[in-house]
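Results of the structural survey
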Amino acid sequence: MDNIIETIDQVAEANPKRIAYDYLGRTNTYGDLKLRSDAWAAKLLTMQLKPGQPIMVWGGQTFEMIACFLGCVKAGHAYIPIASYSNAERLVMIQEVSHASLVIAIDALPDIALPGLQVLRPADVPNQHPAINISQAVHGDDTFYIIFTSGTTGKPKGVMISHRNLLSFVNWEQRDFKLPAQPSFLVQAPYSFDLSVMSLYPALTSGGKLVVLPHDVTQDFKQLFATLPQLQFNVWVSTPSFAQMCFLDPTFNSKQHPELSHFLFCGEELPHSEVLALEKRFPTSHIFNTYGPTEGTVAVTQVEITDDILAKYDRLPIGFAKADTQITLDETKGEAGQGELILSGPSVSKGYLNNPEKTKAAFFRSAGATDNSYRTGDAGFFAEKQLLFYSGRIDFQVKFNGYRIELEEINFYLSQNDLVRYGVVAPKYNRNHTVKQLVAEIELTKAAQDKYSEAELTRRLRASLAKQVMPYMIPQRFVYRSALPISQNGKVDIKQVIQEVNQ
Ligand code: AMP
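Here's what I pulled together on the structure shown here. On a predicted model such as this, the values are computed, not experimentally measured, just so you know.

Membership of the largest hydrophobic core comes to 82 residues, with the highest contact counts inside it found for Leu-44, Val-57, Ile-66, Ile-104, Phe-144 and Tyr-201. Per-element tally for this core: the top contributor is helix α3 (residues 63–74), with nine residues. When residues no more than four places from it in sequence are discounted, the contact partners of Phe-144 are Ile-4, Ile-5, Val-73, Ala-78, Tyr-79, Val-138, Ile-161, Ser-162, His-163, Leu-166 and Tyr-201. If you look at the next biggest cluster of nonpolar residues, it comprises 40 residues, including Phe-400, Val-435, Met-470 and Val-492.

Right, let's get into empty space enclosed by the protein. Counting across every chain of the model gives two cavities of 30 Å³ or more. Its volume calculated, the largest cavity comes out at about 40 Å³. In terms of lining residues, the largest cavity is bounded by Phe-69, Tyr-79, Pro-81, Tyr-145, Ile-147, Tyr-191, Ser-196, Val-197 and Leu-200. Elements with a minimum of two residues in the lining of the largest cavity: β4 (79–83), β7 (143–149) and α6 (197–204). By volume, the second largest cavity amounts to about 30 Å³. If you go around the second largest cavity, the residues you meet are Arg-90, Met-93, Glu-409, Gln-468, Val-469 and Met-470. Considering only residue class, the lining of the second largest cavity consists of three nonpolar, one polar and two charged.

Estimated volume of the second largest pocket: approximately 370 Å³. As for the second largest pocket, its lining consists of 20 residues, and the residues nearest its centre are Lys-157, Ala-361, Ala-362, Arg-375 and Asp-395. When residues of the lining of the second largest pocket are traced back to their parent elements, those giving at least two are α12 (356–362), β20 (373–382) and β23 (403–406). When grouped by side-chain class, the residues that make up the lining of the second largest pocket number five nonpolar, four polar and eleven charged.

In this structure the tally under the stated criterion is 24 salt bridges. Salt-bridge contacts for Asp-330 lead to Lys-333; the nearest nitrogen and oxygen are separated by 3.7 Å. On the basis of relative accessibility, which here comes to 17%, the residue Asp-330 falls in the buried class. Where Arg-459 meets Glu-456, a salt bridge forms, and the shortest distance between an N and an O atom there is 3.0 Å.

Moving on to the sheet that holds strand β26 (residues 477–480). Across the sheet, which stays open at both edges, the three strands sit in the order β24-β25-β26 with mixed pairing between neighbours. What marks the edges here is a single partner per strand, and that holds for β24 (420–429) and β26. Strand-to-strand twist across the sheet, computed as the mean angle between neighbouring axes with direction ignored, equals 25 degrees. Taken strand by strand, helix α15 (residues 454–468) contacts β24, β25 (435–444) and β26, and its axis lies near 130 degrees from that of β26. Contacts between helix α16 (residues 494–501) and the sheet are confined to β24 and β25, with β24 contributing the most and set at about 50 degrees to the helix.

What follows deals with the pairing of strand β10 (residues 209–212). Bridge count between strand β1 (residues 19–23) and β10: three bridges; the pairing is parallel. Across the sheet, the residue bridging to Asp-22 is Val-211, located in β10. Sheet topology note: the strand β9 (residues 184–187)/β10 ladder contains four bridges and is parallel. Pairing of Phe-185 across the sheet is with Leu-210, part of β10. What joins β9 to β10 is α6, and the crossover it makes is right-handed.

Let us now look at the site of the ligand. Near the ligand you find 16 residues, and of these Thr-290, Thr-294, Asp-378, Lys-399 and Arg-404 are the closest. Here a nitrogen atom of the ligand sits 3.1 Å away from a polar atom, N or O, in the main chain of Gly-267. For the ligand, an oxygen atom lies 2.6 Å from a polar atom in the side chain of Arg-404. Burial of the ligand by the protein amounts to 95% of the accessible area it has alone, namely 490 Å². Elements with a minimum of two residues in the shell around the ligand: β13 (286–291) and β21 (388–393). Top element by residues in the shell around the ligand is β13. It accounts for three residues.

Quick look at the packing of helix α2 (residues 30–46) against α3 now. Remark: α2 packs on α3, axes separated minimally by 7 Å, with the N-to-C direction vectors making an angle of 50 degrees. With respect to each other, α2 and α3 are oriented oblique. At the point where α2 passes α3, the crossing takes the right-handed sense. Residues Asp-32, Leu-33, Lys-34, Arg-36, Ser-37, Asp-38, Trp-40, Ala-41 and Leu-44 of α2 pack against Phe-63, Glu-64, Ile-66, Ala-67, Cys-68, Leu-70, Gly-71, Cys-72 and Lys-74 of α3.

Turning to its location among the elements, Met-65 is positioned in helix α3. Residue Met-65 is classed as buried on the basis of its relative accessible area of 1%. Each C-alpha atom, one on Met-65 and one on Thr-370, is 33 Å from the other, the two residues being 305 residues apart in sequence. Residues contacting Met-65, with those up to four places away along its chain left out, are Val-57, Trp-58, Gly-59, Gly-60, Ile-106 and Tyr-191.

What counts and how
Residues numbered from 1 in each chain as written. Predicted model: local features only at pLDDT ≥ 70, side-chain atom pairs only at ≥ 80, totals over all residues. Heavy atoms only, no water. Core = buried A, V, L, I, M, F, W, Y, C linked by side-chain atoms within 4.5 Å. Buried < 20%, exposed > 50% of the residue type's maximum accessible area, 1.4 Å probe, protein only. Helix = DSSP H or I, 4+ residues; strand = E, 2+ residues; numbered from the N terminus. Contact = heavy atoms within 4.5 Å. 1 Å grid on protein atoms, 1.4 Å probe; cavity = no way out; pocket = protein on both sides within 12 Å on 5 of 7 lines; lining within 4 Å. Points joined across faces, edges and corners; volume = space filled by probe spheres on them. Nonpolar A, V, L, I, M, F, W, Y, C, P; charged D, E, K, R; others polar. Salt bridge = Lys/Arg side-chain N within 4 Å of Asp/Glu carboxyl O. Pairing = 2+ DSSP bridges. Axes fitted to C-alpha atoms, helices over the stretch in contact; angles between N-to-C directions. Right-handed = clockwise from strand over helix to strand, strands pointing away. Near = heavy atom within 4 Å. Polar contact = N/O pair within 3.5 Å; in protein donor to acceptor, adjacent residues only side chain to side chain. Areas by Shrake-Rupley, 256 points an atom, 1.4 Å probe, with all protein chains shown as cover. Parallel < 35°, antiparallel > 145°, perpendicular 65-115°, else oblique. Left-handed = near helix turned anticlockwise from the far one by under 90°.

Written as structure tokens, this is what we have:
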């Protein structure tokens, strides 16, 4: 395959009646996808936006969202997916960074003033439209989508993924995972996370189906366990922590899900014990661990976790690099025998949108190379035959319930609060190296100590963070200390605090 948009259109033209999307039993065909994505593209082309200017898309995981994504790229614009459970502050911040002049509101927008921003809604986009010409569609190194991740200074970073980046990823997933023909994929991750891309484009370019388990259903155990047994698909895609949650449902097994043949995990460490538990419930399925940052386009390594691998390694490998990608170790970073993982290849992003400083710090191009390289901040090492292992981070980024969080982003907002003299957040790990809790360690200002009880302080700090960061970044525990350890440079010694929290 050499073009994602054309391939999806070809699938749609050859199979207009085939189901492409299943949202809790509400289905849409490939014919619907072609009609609606063309309608979005036609509308956008009449709006005379600046060429290549990105478009923010606010919504959940409905069919209209993906039709709109395709409409944006057909009209030559990258899309920025923003989950509609985000707070208004995030929308404003993403607009500030991206300079987008248009937001598409698939769901209702938060009730705030959005100066300088045009709003387009599905009702503004009729299905009747002139035939569209997709010669201006996103291609080559044009940006296809932009995913915003946590940033260290309170400003999120927009990772630009080009058509060429995405193509390298999708071709690899279709080739190297021995997936069934016309696979049906679980879509659990919201579209603002690149894990969703592991389902989205491999499904649509191969005439497969997307079976959605919406975010709000997964937030409520009762709904989750009523819904999951009803869904039928053959490729599971999630973080390991989401699958662990599903273990609480006794019907999460091969009897209830006889078609489920492949599990693709990404985004955080896959515990050995989890694979053993999964094998008991799905004895004949193929379980893959994959690894990669958003900056490398979803994933760049994979390995099937066989009995052989389970017997050999307690901490599981993250896999072999995809054929077009080199992974090297910068041994000046990390502990002895390890190094920082550096990725080079066609799926490595061109950088962060409108952020040359952070781009320069993390990306580089070696002399004579045609692809970018990215410093991941992950530490790792190679074992036999180039099999790669992950051993932790070299900075203060963590994964918590699958969400990528720069602890410094939370620290930034905590320290801005008038109640706080110093505030840092520490991850509390379990023995599988998984973060189980975020603990805020706070040294209060004198005034705050005298004025409020601890319960009231916690309530106020939580309420203020809720406006500034994503809900999953709000610490579970707040601990008030008379003094936090200070390092030689006069700042809080975060490493020391993390050590203390994990003693
Ligand atoms: P994200 O950009 O949200 O996909 O997060 C990327 C980060 O998640 C990586 O840099 C790693 O720190 C972590 N990660 C992703 N996959 C794995 C894995 N299989 N095992 C351990 N950590 C992982």
